[in-house]
Amino acid sequence: MNRRSLLSVLALASSAGCVEHPLPTLRGDVTRKRVVGPAGALLVVTEDDISVESARLAGDFPRERERERGNTSITGKQFEKLPQVEFRVMIRHGNRSYVDDIESGETGEYRTNRSVFNRLMAADRIEFQIDLVNRPSLLTLSRVVRTGRVERKWIVGTHRKEPEGGRKRPKQYELLNDSEDEIEANRSVLDAERTVGAKVGAKLRKRFDTLGYHLAIEHDGRRQIYRTKRPQFNRAQVGGQRTFEVDGEYGGQLVRYLSRESGR
């Protein structure tokens, strides 16, 4: 069977729901992402730069935000300004795509949806599936991996107080702040320790309505804030380099740590 016939069979099987996905997962590195309109590119994001070509978006992405380069998302409000656009992601392949005949080491650009576009950052290492019918399209992400240096870690507790005759108003307390310069703790609830044990974590959950563990991680000059859970928070060392998997709508949830070798 030739390649064209094989693709026809695979596409028919996929669209008929006969199989979940008939081909192996693809791997690669994100080198660029773009928002493209009928007249050309409106926004181009690489590791080193954010290029805004649309006057409608110019005010949303100031060029002086150097530390945020390579890390741009499109919100719902911004999307309303952009009728008839496509979200595209350029990927340097780590294995061969038999569907689009792209060899390992070569690059391919894929259309995708706003959710996938927002979740990805330039330089991400990803595993993904492509659409066999509407080609070339990135259909889903099965893994997004990043490497960076931990700049800061902190914990925020939130009380939702009920005022008389009104709605609950949240009040936030920074319980721990560990940075490269110093470590500060709210000593009414925590000692100046860089980790939180299970017993202390349980006490904090009883005392506050919500508890947030946060990490600021630098990726080659680009800074990203992540939410995480207590075990991952405890394992993060300020100044240390970590490779990890992310999830969430904007790729802002640090899920688990990986060894650099298993980062694929």
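Residues numbered from 1 in each chain as written. Predicted model: local features only at pLDDT ≥ 70, side-chain atom pairs only at ≥ 80, totals over all residues. Heavy atoms only, no water.

Undergrad: Even after reading the chapter, I still don't get the overall build of the protein, so can you show me in this structure?
TA: Counting its secondary structure elements, the protein contains six helices and 13 strands. Pairs at least 24 apart in sequence give 58% of the contacts found in the protein among residues at least 6 apart. Surface exposure of the protein reaches about 14600 Å², of which carbon and sulfur atoms provide 45%. (Helix = DSSP H or I, 4+ residues; strand = E, 2+ residues; numbered from the N terminus. Contact = heavy atoms within 4.5 Å. Areas by Shrake-Rupley, 256 points an atom, 1.4 Å probe, with all protein chains shown as cover.)

Undergrad: Just to check I follow, could you spell out the pattern of salt bridges for this structure?
TA: Two side chains carrying opposite charge are able to pair once their charged atoms lie near each other. By the definition in use, this model includes 19 salt bridges. A salt bridge links Glu174 to Arg152, with the nearest nitrogen and oxygen atoms 3.2 Å apart. Residue Glu174 is found in strand β8 (residues 169–179), and its partner Arg152 is found in strand β7 (residues 138–161); the two are separated by 22 residues along the sequence. A relative accessible area of 41% places Glu174 in the partly exposed class. Taken together, the shared-partner salt bridges connect Arg32, Arg34, Glu86, Arg88 and Glu109 into one network. (Salt bridge = Lys/Arg side-chain N within 4 Å of Asp/Glu carboxyl O. Buried < 20%, exposed > 50% of the residue type's maximum accessible area, 1.4 Å probe, protein only.)

Undergrad: Sorry, what's going on with the side chain of Arg146 here?
TA: Turning to its location among the elements, Arg146 is positioned in strand β7. Among the polar contacts listed, one links the side chain of Arg146 to the side chain of Asp124, at a separation of 2.7 Å. Engagement of the side chain of Arg146 in a polar contact is seen with the side chain of Tyr226, the distance being 3.0 Å. (Polar contact = N/O pair within 3.5 Å; in protein donor to acceptor, adjacent residues only side chain to side chain.)

Undergrad: Help me understand the layout of surface pockets, please; the structure alone is not making it clear to me.
TA: Sizing a probe to match a water molecule and rolling it over the atoms shows the empty space that remains. Estimates place the volume of the second largest pocket at around 160 Å³. Taken together, 13 residues line the second largest pocket, and the ones lying closest to its centre are Ala123, Thr147, His219, Asp220 and Arg222. For the lining of the second largest pocket, the element with the highest residue contribution is β7, accounting for three residues. Of the residues that constitute the lining of the second largest pocket, the class distribution is four nonpolar, three polar and six charged. (1 Å grid on protein atoms, 1.4 Å probe; cavity = no way out; pocket = protein on both sides within 12 Å on 5 of 7 lines; lining within 4 Å. Points joined across faces, edges and corners; volume = space filled by probe spheres on them. Nonpolar A, V, L, I, M, F, W, Y, C, P; charged D, E, K, R; others polar.)

Undergrad: How do you make sense of the nonpolar core when you look at a structure like this?
TA: Note on soluble globular proteins: their nonpolar side chains tend to be buried together. Core analysis: the biggest nonpolar cluster contains 36 residues, and Leu120, Ile126, Phe128, Leu138, Leu141 and Ile155 have the highest contact counts within it. Among the secondary structure elements, those contributing two or more residues to this core are β1 (26–37), β4 (86–93), β6 (125–130), β7, β8, β10 (210–219), β12 (241–247) and β13 (253–258). By residue number, the principal contributor to this core is β7, which donates five residues. Look past the residues within four positions of Phe128 in its chain and what remains in contact with it is Thr25, Leu26, Arg27, Gly28, Ile91, His93, Tyr110, Leu138, Thr140, Leu141 and Ser142. Formed by twelve residues, the second largest nonpolar core is a distinct cluster that contains Val35, Leu57, Leu82 and Phe117. (Core = buried A, V, L, I, M, F, W, Y, C linked by side-chain atoms within 4.5 Å.)

Undergrad: What am I meant to see in the packing of aromatic side chains here?
TA: Within this structure, the stated rule accounts for five aromatic pairs. For the ring pair Phe87 and Phe117, a centre distance of 5.2 Å and an interplane angle of 55° mean the geometry is tilted. Taken together, the positions of Phe87 in strand β4 and Phe117 in helix α4 (residues 114–119) put the pair 30 residues apart, joining distant regions of the chain. There is no split in this pair, since Phe87 and Phe117 are both buried. Aromatic pair Tyr173 and Phe208: ring centres 6.0 Å apart, planes at 55°, arrangement tilted. Taken together, the residues span a long stretch of sequence, with Tyr173 in strand β8 and Phe208 in the loop between α5 (198–207) and β10 at a distance of 35 residues. We classify Tyr173 as partly exposed; its relative accessible area is 24%. With relative accessibility at 6%, the residue Phe208 sits in the buried group. Note that Lys153 overlies the ring of Phe233, its terminal NZ or CZ placed 4.4 Å from the centroid. Just above the ring of Tyr257 sits the side chain of Arg242; from NZ or CZ to the centre is 4.0 Å. (Phe/Tyr/Trp six-rings, centres within 6.5 Å; stacked < 30°, edge-to-face > 60°. Lys NZ or Arg CZ within 6 Å of the ring centre and 35° of its normal.)

Undergrad: It is not clear to me how the environment of Phe79 should be interpreted in this structure. Could you clarify?
TA: Following the sequence through the fold, Phe79 ends up in helix α3 (residues 76–80). Each C-alpha atom of the pair Phe79 and Leu57 lies 9.8 Å from the other, and the pair is 22 residues apart in sequence. Residues within four places of Phe79 in sequence aside, it is in contact with Ile74, Val85, Phe87 and Arg114.

Don't take any of this as a statement about function, it's just geometry.
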